[in-house]
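# Secondary and tertiary structure notes
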Amino acid sequence: MHETAEVDGQGHRLGVRVYYEDTDFSGFVYHASYLRFLERGRTELLRELAGDQSDLHRDARGLVFVVRRMSLDFIRPARMDDLLTVVTRTRALRGASMHLTQDVRRGDAVLVSADVTVACVRDGRAVRLPDALRRRLAPGEAA
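The notes below deal with the structure included here. Note that the coordinates shown come from a computational prediction; the quantities given were computed from them, not determined experimentally. (Residues numbered from 1 in each chain as written. Predicted model: local features only at pLDDT ≥ 70, side-chain atom pairs only at ≥ 80, totals over all residues. Heavy atoms only, no water.)

### Brief notes about the pairing of strand S4 (residues 83–93)
Across a regular strand the side chains alternate sides, sitting on one face of the sheet and then on the other. Relative to S4, strand S2 (residues 11–17) runs antiparallel, the two sharing six bridges. Within S4, the residue paired with Arg17 across the bridge is Leu83. Linking S4 to strand S5 (residues 97–106), which pair antiparallel, is a turn of three residues. (Pairing = 2+ DSSP bridges. Helix = DSSP H or I, 4+ residues; strand = E, 2+ residues; numbered from the N terminus.)

Listed below in structure tokens is the structure:
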């Protein structure tokens, strides 16, 4: 995927190009491909705020992020060669979780909208988000 990332007043933005491998036999983006686009948006948001997840995992003694819940609304299809933008915003932070909203857009048109709850976990147990990351993720701060 051709990817570019930036943060602006509307949230973290990641540009992705749709390739043949992202589509189904009809030529439209296969529904599961949107999950990969959304995952990349969340990963790049964390990279922007905290560096590589592998470094965060090592430095925070095994800290990982897992998707706890995800709700998707498929509004319009995308096709091969479309240039899409994944917009990720923090909606709320709780002790060990973050609630994010994400849109996959083509220009100004929202194609897929997602509400995602991500839990912070170490050794299989929920743990509080690190304070430094919490400050950067705060709604209105980062994205």
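### Some thoughts on the pattern of salt bridges
If you walk through the whole model with that rule in mind, you get eight salt bridges. Arg91 serves as the salt-bridge partner of Asp115, at 3.6 Å between the closest nitrogen and oxygen. A residue pair is termed long-range when its members are at least 10 positions apart, and Asp115 in strand S6 (residues 109–122) and Arg91 in strand S4 qualify at 24 residues. (Salt bridge = Lys/Arg side-chain N within 4 Å of Asp/Glu carboxyl O.)

### Some points on helix H1 (residues 31–50)
Helix length check: H1 (20 residues) gives 29 Å between terminal C-alpha atoms against 28 Å at 1.5 Å per residue, within 8%. Inspection of H1 places Ser33, Tyr34, Phe37, Leu38, Gly41, Arg42, Thr43, Glu44, Leu45, Leu46 and Leu49 among the buried residues, and these make up the whole buried set. Positive backbone phi, at 85°, marks Gly51, one or two positions downstream of H1. (Expected span 1.5 Å × (residues − 1). Buried < 20%, exposed > 50% of the residue type's maximum accessible area, 1.4 Å probe, protein only.)

### Some words on unusual backbone geometry
Working note: non-glycine residues mostly have negative phi, and peptide bonds are mostly trans. The phi angle at Asp81 is positive, at roughly 80°, despite the residue not being glycine. By the element assignment, Asp81 lies in the loop between strand S3 (64–74) and S4.

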